[in-house]
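Breakdown of the fold
For reference, the chains in residue letters:
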Amino acid sequence: DQPKDRTVFAKRYTSELDEPLQRKASVEQAVRRCISEDDFYLVFMPLYDARRDRVMGAEALLRSNSESLRQLSPEVYIPVAEKANLIQEIDMLVLRKALAAIKQHELPEGFVLSINISAQELLDSEFAQRIDAALRSAGVSASSICLEVTETFFVHMDEAKVEVLDQLRALGCLVSLDDFGTGYTSFAHLQRLSVDEIKIDRSFVNRLNDPKARVVVESMVNIAQALDYKLVAEGVETLEQLDYLRSLGCHCFQGFLFSEPTTLKKALAARKPATVEISLR
Ligand code: C2E
Ligand code: MG
Ligand code: MG
Ligand code: MG
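Attention in this report is confined to the structure presented alongside it. (Residues numbered from 1 in each chain as written. Chains lettered and ligands numbered in written order. Predicted model: local features only at pLDDT ≥ 70, side-chain atom pairs only at ≥ 80, totals over all residues. Heavy atoms only, no water.)

Quick look at the site of ligand 1
Around ligand 1, a shell composed of 24 residues is seen, among which Ser-73, Asn-116, Asp-178, Glu-237 and Phe-256 lie nearest. Within the side chain of Arg-63, an N or O atom sits 2.9 Å from an oxygen atom of ligand 1. One of the side-chain nitrogen or oxygen atoms of Glu-237 is found 2.5 Å away from a nitrogen atom of ligand 1. Compared with its free state, where it exposes 810 Å², ligand 1 has 89% of that area covered by protein. In this structure, ligand 1 is accommodated by the largest pocket. Breaking the shell around ligand 1 down by element, the ones donating at least two residues are β2 (54–64), α3 (74–83), α4 (87–104) and β5 (174–180). At four residues, β2 tops the list of elements feeding residues into the shell around ligand 1. (Near = heavy atom within 4 Å. Polar contact = N/O pair within 3.5 Å; in protein donor to acceptor, adjacent residues only side chain to side chain. Areas by Shrake-Rupley, 256 points an atom, 1.4 Å probe, with all protein chains shown as cover. 1 Å grid on protein atoms, 1.4 Å probe; cavity = no way out; pocket = protein on both sides within 12 Å on 5 of 7 lines; lining within 4 Å. Sits in = over half its atoms within 2 Å of the grid points. Helix = DSSP H or I, 4+ residues; strand = E, 2+ residues; numbered from the N terminus.)

A few points about the pattern of salt bridges
Here the structure, examined in full by the defined rule, presents 12 salt bridges. When the shortest N-O distance is used, the salt bridge between Glu-197 and Lys-230 registers 3.5 Å. Here Glu-197 is found in strand β6 (residues 197–200), whereas its partner Lys-230 is found in strand β7 (residues 230–234), with 33 residues between them in sequence. Lys-230 gets classed as partly exposed once you look at its relative accessible area, which sits at 43%. One salt-bridge network, held together by shared partners, links Glu-59, Glu-148, Lys-199 and Glu-234. (Salt bridge = Lys/Arg side-chain N within 4 Å of Asp/Glu carboxyl O. Buried < 20%, exposed > 50% of the residue type's maximum accessible area, 1.4 Å probe, protein only.)

With respect to the layout of surface pockets
Rolling a probe over the atoms, with the probe sized like a water molecule, indicates the empty space that remains. By volume, the largest pocket is sized at about 970 Å³. When residues of the lining of the largest pocket are traced back to their parent elements, those giving at least two are β2, α3, α4, β4 (145–150) and β5. Of the residues belonging to the lining of the largest pocket, the class tally is 15 nonpolar, eight polar and 12 charged. The computed volume of the second largest pocket comes to approximately 490 Å³. Elements with a minimum of two residues in the lining of the second largest pocket: β1 (40–49), β2, β3 (112–116), β5, α10 (211–226) and β7. In the lining of the second largest pocket, the residues fall into 11 nonpolar, six polar and six charged. (Points joined across faces, edges and corners; volume = space filled by probe spheres on them. Nonpolar A, V, L, I, M, F, W, Y, C, P; charged D, E, K, R; others polar.)

Functional significance is not addressed by these values, which are geometric in nature.
Take a look at the structure:
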């Protein structure tokens, strides 16, 4: 009689269960529509190199023109897309658009465009081949892109994961460990990660007034330096945060202090502000 019981259960709890489920279903539908109608586009955030005092990179971030997704962060719909097996299509359309943007702009020598890749997508054994094919067809050198992967990918390292990273290395793309500190990368892993760059998550940067958070960030900087990873601090919004991070030895920054996500052209023109107007709201 189990099916019957389940029906009763479902009926009784309909109002509580259905809302998030329906929401998920409608987000999934909206993502599907956005893919088929080509309603996704990219915005860019500059990566400022303090030692050269110039923008030496940018991160591409996904945005949507559609009514239903416009107000949502990709943080909300990317996980839905992952569950619905739509992430490969999204990551590939992002890659194509990012490569097209590289071709359309005059970029300074050494400029690198960072692209977020779902950890799930990276597990696909043909991933590196797809990257290679996309680079070739766009006529962009692999060293012009950096693939950002979140820590979840690195939790359990196995042969397959090591191989994907090695393949990407062999192609010549850079790999970045995104949102560092929010996941479960153990010290054991840190020493054998095959990444080029580590990005300190903005949740640490915006807690820098807290002495304990400062100690944590300080040790992140020390570890990255000792292990020879390039380090980027994300979510820098004030000159105080910038100066403090610089004093620790971090030289590469991203955040609203320089620019909100915008066109690649505007991102390239971003400068360090001399002062910051404080708005009293
Ligand atoms: P992320 O890769 O860590 O991207 C940084 C997020 O922090 C972006 O939010 C950016 O707008 C925000 N951010 C950067 N600096 C500041 C700051 O100074 N202040 C504040 N308040 N926010 C700042 P966004 O665009 O909502 O993206 C959220 C997440 O969605 C990304 O985190 C990334 O994990 C994912 N995502 C975004 N675009 C893509 C994409 O094209 N593909 C995939 N697979 N994931 C993406
Ligand atoms: Mg990122
Ligand atoms: Mg991040
Ligand atoms: Mg993030």
